[in-house]
Amino acid sequence: PDCVKLSIPAILYVIQNSLQFVAISNLPVASFQVAYQMKILTTAAFSVALLGKRLSNTKWMALFFLALGVGIVQIQTSAGSSASIPRDVVGSAAAAAPNTHVMNPLKGFAAVTAACFTSGLAGVYFEMVLKNSSGDLWVRNVQLSLFSLLPALVPVVYSGPGGPHIPTIPTLFAHFTPAAWATVGTQVLGGLVTALVIKHADNIAKGFATSLAIVLAVFASVALFRAPLDAQFCVGASLVLAATCLYARPDPRRPPPVQSAPGALPL
């Protein structure tokens, strides 16, 4: 029964990945990065609805500042990557390719909104299955991946000219260079660590860890690739760190209600 339950988050993860491709192809990078941070709030909302988690006003404020800070950091990173492409190169490429893809902002925003909801629902549902079953974590990851393969193979079968076709092993791994395999290995390791975080903490803690990782990645790009660092990033990073500290603070305990003695008049 638990194996069947994992088919729901597996299909949701596949839908989420497909929606990200639709969104990024119809929105500017900065707009997509900012809008996609809404998944932090949807994850918290699904945690409250499905897991009965209680979040104080302070924690909701911390989550809002976290999404805002990550959005600012992502804008700075996206702007830097866009600025590195000369305008004359972009213009000549557009002139050479008249049949270029035309962005549809409404379609892109609808896709990124749906991706945020599927991301939050899939993560919280996976957490609910992990914490309410005694199955091994490694078995759960294998089951999740197997259910994800089935819907992910559908576009592979129907892609390409000539209608449906059964792909061969050499076709599937045609462009798997050592760099591609290294990326796959990194994603596998990250997925296993994410499952451990969800098992022993929750999806909200995973969101904070991911946000801190974005900030650390920008610092690493500054150290390794000499990327520019401006005041906008400092503001976003400060908001992320402040939101993390604010969320980690324990909620003040309310004093128990005073019980009056039997027969005494209420105060």
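Residues numbered from 1 in each chain as written. Predicted model: local features only at pLDDT ≥ 70, side-chain atom pairs only at ≥ 80, totals over all residues. Heavy atoms only, no water.

Q: Explain the overall build of the chain residue by residue, including any values.
A: Along the backbone of the chain there are 12 helices and zero strands. Mapped in sequence order, the helices and strands of the chain form the string α-α-α-α-α-α-α-α-α-α-α-α. Counting the 267 residues in the chain, one finds 29% classified as buried. Restricting to contacts in the chain with at least 6 residues of sequence separation, those with at least 24 account for 81%. Surface summary for the chain: the accessible area is close to 16,800 Å², and the carbon and sulfur share equals 71%. (Helix = DSSP H or I, 4+ residues; strand = E, 2+ residues; numbered from the N terminus. Buried < 20%, exposed > 50% of the residue type's maximum accessible area, 1.4 Å probe, protein only. Contact = heavy atoms within 4.5 Å. Areas by Shrake-Rupley, 256 points an atom, 1.4 Å probe, with all protein chains shown as cover.)

Q: Break down the side chain of Asn141 for me, citing the residues and quoting the values.
A: For Asn141, the location among the structural elements is in helix 8 (residues 137–158). Excluding anything up to four places from it in sequence, Asn141 contacts Gly191, Leu192 and Ala195.

Q: Mind laying out the nonpolar core, listing which residues take part and the relevant values?
A: Leu63, Leu66, Ile204, Phe208 and Tyr247 are the most contacted members of the largest nonpolar core, which has 20 residues in total. Sorting the residues of this core by element identifies helix 4 (38–51), helix 5 (57–83), helix 11 (203–225) and helix 12 (231–248) as the ones contributing at least two each. Once you skip the residues sitting within four places of it in the chain, Ile204 turns out to touch Ala44, Ser47, Lys53, Leu55, Leu63 and Tyr247. (Core = buried A, V, L, I, M, F, W, Y, C linked by side-chain atoms within 4.5 Å.)

Q: Report on the pattern of salt bridges, specifying residues and quantitative values.
A: Following the criterion strictly, the structure yields two salt bridges and no others. Here Glu127 and Lys131 are joined by a salt bridge, their closest N and O atoms 3.0 Å apart. In this pair, Glu127 and Lys131 are both assigned in helix 7 (residues 105–131), four residues apart and thus about one turn of the helix distant. Assessed through its relative accessible area of 1%, Glu127 is described here as buried. (Salt bridge = Lys/Arg side-chain N within 4 Å of Asp/Glu carboxyl O.)

Q: Mind laying out the confidence of the model for the chain, listing which residues take part and the relevant values?
A: When pLDDT is averaged along the chain, the result is 79, and 84% of the positions lie at 70 or above. Here residues 84–96 scores under 50 on pLDDT; set against residues more than four positions off or in separate chains, the count is one contact. (pLDDT = per-residue confidence, 0-100.)

Q: Quick one: what's the story with the side chain of Thr42, residue by residue and with numbers?
A: With respect to the helices and strands, the residue Thr42 is situated in helix 4. Thr42 has contacts with Cys116, Phe117 and Gly120, leaving out every residue within four places of it along the chain.

Q: Requested: an account of the packing of helix 11 against helix 12, with residues and values cited.
A: Look at helix 11 against helix 12: their axes get within 11 Å of each other, and the N-to-C directions meet at 150 degrees. The orientation of helix 11 with respect to helix 12, classified from their angle, is roughly antiparallel. Crossing of helix 11 against helix 12: the hand is left-handed. Residues Ile204, Phe208, Ser211, Leu212, Val215, Val218 and Phe219 of helix 11 form the contact with helix 12, whose own contacting residues are Phe233, Ala237, Val240, Leu241, Ala243, Thr244 and Tyr247. (Axes fitted to C-alpha atoms, helices over the stretch in contact; angles between N-to-C directions. Parallel < 35°, antiparallel > 145°, perpendicular 65-115°, else oblique. Left-handed = near helix turned anticlockwise from the far one by under 90°.)

Q: Any details on the packing of aromatic side chains? Residues and values, ideally.
A: Inspection of every chain in the model, using the stated rule, returns six aromatic pairs. Ring geometry for Phe46 versus Phe117: centroids 6.4 Å apart, planes at 85 degrees, classification edge-to-face. Here Phe46, found in helix 4, pairs with Phe117, found in helix 7; they are 71 residues apart in sequence, far enough to count as distant. For Phe117, a relative accessible area of 42% corresponds to the partly exposed category. Connected via pairs of aromatic rings, a cluster forms that spans Phe173, Phe176 and Trp181. Between the NZ or CZ atom of Lys59 and the centre of the ring of Tyr247, over which it lies, the distance is 4.3 Å. (Phe/Tyr/Trp six-rings, centres within 6.5 Å; stacked < 30°, edge-to-face > 60°. Lys NZ or Arg CZ within 6 Å of the ring centre and 35° of its normal.)

Q: Before we move on, can you summarise a nonpolar patch on the surface with the specific residues and values?
A: Taken together, Ile169, Leu172, Phe173, Phe176, Trp181, Val184 and Val188 make up a surface patch of nonpolar side chains, about 620 Å² in accessible area. Of all the secondary structure elements, the ones that give two or more residues to the nonpolar patch are helix 9 (169–172) and helix 10 (178–200). The element contributing the most residues to the nonpolar patch is helix 10, with three residues. The residue Val184 is located in helix 10 in this model. The exposure class of Val184 is partly exposed, given its relative accessible area of 32%. (Patch = residues over 30% accessible without salt bridge, like charges linked within 9 Å, V, L, I, M, F, W, Y side chains within 5 Å.)

Q: A description of the environment of Thr194 should follow, citing residues and the corresponding values.
A: Turning to its location among the elements, Thr194 is positioned in helix 10. Remark: the alpha-carbon pair of Thr194 and Thr210, spanning 16 residues in sequence, is separated by 9.7 Å.

Q: Tell me about the environment of Leu241, and please be specific about residues and values.
A: Looking at the secondary structure, you find Leu241 in helix 12. With relative accessibility at 46%, the residue Leu241 sits in the partly exposed group.

Q: Could you give an account of the packing of helix 8 against helix 10, naming the residues involved and the relevant values?
A: The interhelical angle for the contact between helix 8 and helix 10, taken along N-to-C directions, is 125 degrees, at an axis separation of 11 Å. Comparing their axes, helix 10 and helix 8 come out oblique. The crossing of helix 8 and helix 10 is right-handed. Within the contact between the two elements, helix 8 uses Leu137, Trp138 and Asn141 and helix 10 uses Gly191, Leu192, Ala195 and Leu196.

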